[in-house]
Amino acid sequence: MTRQVKVAVVGSGLAGLTATYLLSKPVGEDSDVEFDVHLFEKAPMLGMDCSSVSLPASDSEALEDAWRVDVPMRSFQGGYYSQLIALYARLGVAFREADFSYSFSLLTPPSPTQQRQINATMIYNGLSGRAGISMPSILDEPYRLTKGKGLITRAFTRVWTIGLFVFLTLHLLLCYVRTLYHALPFLRPKVVEKMSFEEWARWTMPRRTLARWTGIDFAWKDYVETVLIPLFSAVCTAPKEDVLQHPVEEFLDYIWLTFGTHHYVAINGVRDVVARLTATTKNIHLSSTITSITPDTKNPHLTNIHCDTPDGSRVHTGFHHIVVATQATRAIPLLTSYRDALPYTNPKRQAIEAQLRCLQAFKYCSAIVVNHTDPTMLPDDPRDRRDLNLICLDQDAPLEKGEFDWSATTVPPSYTMATHVLRPPRGYPTNLPPVYQTTNPVIPPEEGSILSVAKLERAVLTVSAKEALKGLYQEVNRKWWQCATEGTPGLGELQGAGRLEDVQGSGIWICGSYVYAGIPLLEGCVVSARTVIEQGVYAAEGVSSTSPPW
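As a starting point, this report considers the structure included with it.

## Thoughts on the overall build of the chain
Working step 1: Helix and strand content of the chain: 14 helices and 23 strands.
Working step 2: For 550 residues, the compact-globule estimate of 2.2 N^0.38 gives 24 Å, and the chain sits close to it at 26 Å.
Working step 3: Oriented by its inertia axes, the alpha-carbon framework of the chain measures out at about 95 × 60 × 45 Å.
Working step 4: In the chain, buried positions account for 54% of the 550 residues.

Dropping the structure here:
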């Protein structure tokens, strides 16, 4: 006789969708369990696609002809996203190589004597490094100014600019090689595991006499400031101060695992991913804001979910498990409502309390994503513009108080502004301007150029959060040559709120980008969701999948 197990999945980001997909798949043929899965989302659209926008892609006004722009941009890189790539391959999601080129630039605010400037300092031509780097236009400016002067002057200036570029390139290459050396997992000292990026940058600063004579010490400091910090500020969509306090081990893992690999993007965007992940899901509750979780009145070992919907309040009853796939900051009030509904002496209350203490350690930062048509958000010289343009404030430039701050379309100047030159679809009208997507603009796009604005929250790892993570996620069987993300994923002791230790009550499982041993990105969503379902919900119900899900 089939035994029905009712599971609620809270949140429809990639973690929630992956959990829903796994629970909707048939389990072993000999199992008597059937999962009744309910997916809850507060927005009117599924979360992974709810901030995306549709733009005209042809002269037709038909919706099916629209250009769907993912917000935020979701690219993934081989080596770091192995589980995500395997999931997409199993789903049949088409993706292509998109080996982005990058420019790194400094923003100089306007002054009484000059206009605002955005000058590139380093240009990376993509193809996993095979395309090399280019000379920023600012280095070529002295030669351009010799136009009309004598041949000897122009020749000397050209030799000088090329020589300077070669010298700076050698410094950059040496710094990159040093970074790869420090990123080697089997050469890292144990102390690095507990270091912040700021501590690591000071610890690795070249101090020998030769380094001072050759300028490597200054080059390393400049490389950290103008390349590494902007890069990880863009990856984490976080301000400089959060990047400096981020555990460095995760950054080094990212550098090592992505070395020499390709970038990818889903050809048909995240809407296609969402459709495939939810193709067999029967119970999707959109526009359902969960207000509280309480024990079921008929069976206190089960739980009820209370929601506010456009049609009024509604109660969904009788859940055996709840998979919380939202940000930690949003999970806390939900679990607090459940804890407060339990008696003080109930072991389940104590287990939920431990989960809450763990979740409070995780930090989030806000991000703004603007789609627009303003080319002034790019480097001033068109020769410096690349697929991804990372721009940060020149630290030496004078800055008036309040000149850059939070607004509807801007963030403080400690963020790195990342502008992606979007690739239009075939048939895009030639009379329409190019479209750009800027994440965390520190300067506002011109009026009339804004197509959409989205405000998001992203988890940012800290040293204390990394320690707290052990309660939710642990890795086992990690080999000595492997990075922290390459071991076998395992559940932390707080997962399930005692469900695997026979504490009565519904299993409370937590997954998301932050419940993972790496930078909180898409890979963490997939890995944590799979771990929670296979080692948590399945194990609690005594079932197992007949074959790997991907």
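## Let's talk about the packing of aromatic side chains
Working step 1: This structure, assessed with the given rule, holds 25 aromatic pairs.
Working step 2: Here the aromatic rings of F76 and Y88 are separated by 5.4 Å at their centres, their planes lie at 85°, and the arrangement is edge-to-face. On the criterion of sequence distance, the pair formed by F76 in strand 5 (residues 75–77) and Y88 in helix 2 (residues 82–91) is long-range, its members being 12 residues apart.
Working step 3: For F76, a relative accessible area of 1% corresponds to the buried category.
Working step 4: Relative accessible area serves as the criterion here: at 3%, Y88 is assigned to the buried category.
Working step 5: With a centroid separation of 6.0 Å and 65° between ring planes, the pair formed by Y473 and Y516 is classed as edge-to-face. Here Y473, found in strand 21 (residues 473–476), pairs with Y516, found in the loop between strand 23 (507–510) and helix 14 (522–541); they are 43 residues apart in sequence, far enough to count as distant.

## Some points on unusual backbone geometry
Glycine aside, residues mostly have negative phi angles, and peptide bonds mostly take the trans form.
Working step 1: In this model, V71 is joined to P72 through a cis peptide bond whose omega is -5°.
Working step 2: In this fold, P72 is placed in the loop between strand 4 (66–69) and strand 5.
Working step 3: The backbone of T237 shows a phi angle near 45°, a positive value even though the residue is not glycine.
Working step 4: In this fold, T237 is placed in the loop between helix 7 (216–236) and helix 8 (240–245).
Working step 5: Notably, N440 is not glycine yet its phi reads approximately 60°, a positive angle.
Working step 6: Turning to its location among the elements, N440 is positioned in the loop between strand 19 (436–439) and strand 20 (450–460).
Working step 7: With a relative accessible area of 1%, N440 lands in the buried category.

## A closer look at the pattern of salt bridges
Working step 1: Summed over all chains, the structure comprises 21 salt bridges.
Working step 2: Across the pair R499 and E541 runs a salt bridge whose closest N-O atoms are separated by 3.3 Å. Residue R499 is found in the loop between strand 22 (488–491) and strand 23, and its partner E541 is found in helix 14; the two are separated by 42 residues along the sequence.
Working step 3: Owing to a relative accessible area of 22%, R499 belongs among the partly exposed residues under this scheme.
Working step 4: One continuous salt-bridge network, built from bridges that share partners, spans D140, R158, D381 and R383.

## Some details on the pairing of strand 15 (residues 321–324)
Note on strand geometry: in a regular strand, side chains alternate between the two faces of the sheet.
Working step 1: What you see with strand 15 is no split at all: H321 and V323 on one side and I322 and V324 on the other are buried throughout.
Working step 2: The pairing of strand 1 (residues 3–10) with strand 15 spans four bridges and is parallel. Across the sheet, A8 pairs through a bridge with I322, a residue of strand 15.
Working step 3: Judged from the four bridges that link them, strand 15 and strand 23 form a sheet pairing that is parallel. Along strand 23, the bridge assignment pairs I322 with I508.

## Description of the packing of helix 2 against helix 14
Working step 1: With their axes 8 Å apart at the nearest point, helix 2 and helix 14 run at an angle of 75° to one another. The angle between helix 2 and helix 14 falls in the class roughly perpendicular. Contacts between helix 2 and helix 14 involve S82, Q83, L84 and L87 from the first element and L522, E523, V526, V527 and R530 from the second.
Working step 2: Among the residues making up the contact of helix 2 with helix 14, the classes are represented as five nonpolar, two polar and two charged.

## Describing the layout of surface pockets
Working step 1: Within this model, the second largest pocket holds a volume of roughly 890 Å³.
Working step 2: Taken together, 33 residues make up the lining of the second largest pocket; nearest its centre are W67, R96, A266, I267 and R423.
Working step 3: When the residues that make up the lining of the second largest pocket are grouped by side-chain class, the tally is 19 nonpolar, five polar and nine charged.

## Here's the deal with the sheet that holds strand 15
Working step 1: Taken together, the five strands give an open sheet; going across it, the order is 11-2-1-15-23, and neighbouring strands pair in parallel fashion. Of all strands in the sheet, those bounded by a partner on one side alone are strand 11 (283–285) and strand 23. Put simply, the sheet's adjacent strands are angled 20° from each other on average, direction ignored.

## Topic: the nonpolar core
Working step 1: Judged by nonpolar contacts, the single largest core of 101 residues is most densely connected at F35, F197 and V323.
Working step 2: No other element matches the 10 residues that helix 7 contributes to this core.
Working step 3: Excluding anything up to four places from it in sequence, F197 contacts V224, L228, I229, V243, L244, H246, P247, V248 and F251.

## Describing the environment of T226
Working step 1: For T226, the location among the structural elements is in helix 7.
Working step 2: Classification of T226 as buried rests on a relative accessible area of 15%.
Working step 3: In this structure the C-alpha to C-alpha distance between T226 and T209, which are 17 residues apart in sequence, comes to 24 Å.
Working step 4: A distance of 2.7 Å separates a polar atom in the side chain of T226 from the backbone oxygen of D222.

## Details of the side chain of H420
Working step 1: You can see H420 is positioned in strand 18 (residues 417–421).
Working step 2: Leaving out residues up to four positions away in the same chain, H420 has contacts with M73, F100, D387, L388, V435, Y436 and Q437.

## Here we look at a nonpolar patch on the surface
Working step 1: A surface patch of nonpolar side chains, amounting to about 420 Å² of accessible area, comprises I162, V166, L170, L173 and V177.
Working step 2: Structurally, I162 is set in helix 4 (residues 151–183).
Working step 3: With relative accessibility at 39%, the residue I162 sits in the partly exposed group.

## Focus: the sheet that holds strand 12 (residues 289–295)
Working step 1: Read across the sheet, three strands follow the order 12-13-14 without closing on themselves; strand pairing throughout is antiparallel. One side of each edge strand has no neighbouring strand; the edge strands of this open sheet are strand 12 and strand 14 (312–319). For this sheet the average axis-to-axis angle between neighbouring strands, irrespective of direction, equals 20°.
Working step 2: Pairing analysis gives six bridges linking strand 13 (residues 303–309) to strand 14, with the strands arranged antiparallel. When the bridges of strand 14 are listed, I305 appears paired with H316.

What counts as what
- Residues numbered from 1 in each chain as written.
- Predicted model: local features only at pLDDT ≥ 70, side-chain atom pairs only at ≥ 80, totals over all residues.
- Heavy atoms only, no water.
- Helix = DSSP H or I, 4+ residues; strand = E, 2+ residues; numbered from the N terminus.
- Rg over C-alpha atoms; globule rule 2.2 N^0.38 Å.
- Buried < 20%, exposed > 50% of the residue type's maximum accessible area, 1.4 Å probe, protein only.
- Phe/Tyr/Trp six-rings, centres within 6.5 Å; stacked < 30°, edge-to-face > 60°.
- Salt bridge = Lys/Arg side-chain N within 4 Å of Asp/Glu carboxyl O.
- Pairing = 2+ DSSP bridges.
- Axes fitted to C-alpha atoms, helices over the stretch in contact; angles between N-to-C directions.
- Parallel < 35°, antiparallel > 145°, perpendicular 65-115°, else oblique.
- Contact = heavy atoms within 4.5 Å.
- Nonpolar A, V, L, I, M, F, W, Y, C, P; charged D, E, K, R; others polar.
- 1 Å grid on protein atoms, 1.4 Å probe; cavity = no way out; pocket = protein on both sides within 12 Å on 5 of 7 lines; lining within 4 Å.
- Points joined across faces, edges and corners; volume = space filled by probe spheres on them.
- Core = buried A, V, L, I, M, F, W, Y, C linked by side-chain atoms within 4.5 Å.
- Polar contact = N/O pair within 3.5 Å; in protein donor to acceptor, adjacent residues only side chain to side chain.
- Patch = residues over 30% accessible without salt bridge, like charges linked within 9 Å, V, L, I, M, F, W, Y side chains within 5 Å.
- Areas by Shrake-Rupley, 256 points an atom, 1.4 Å probe, with all protein chains shown as cover.

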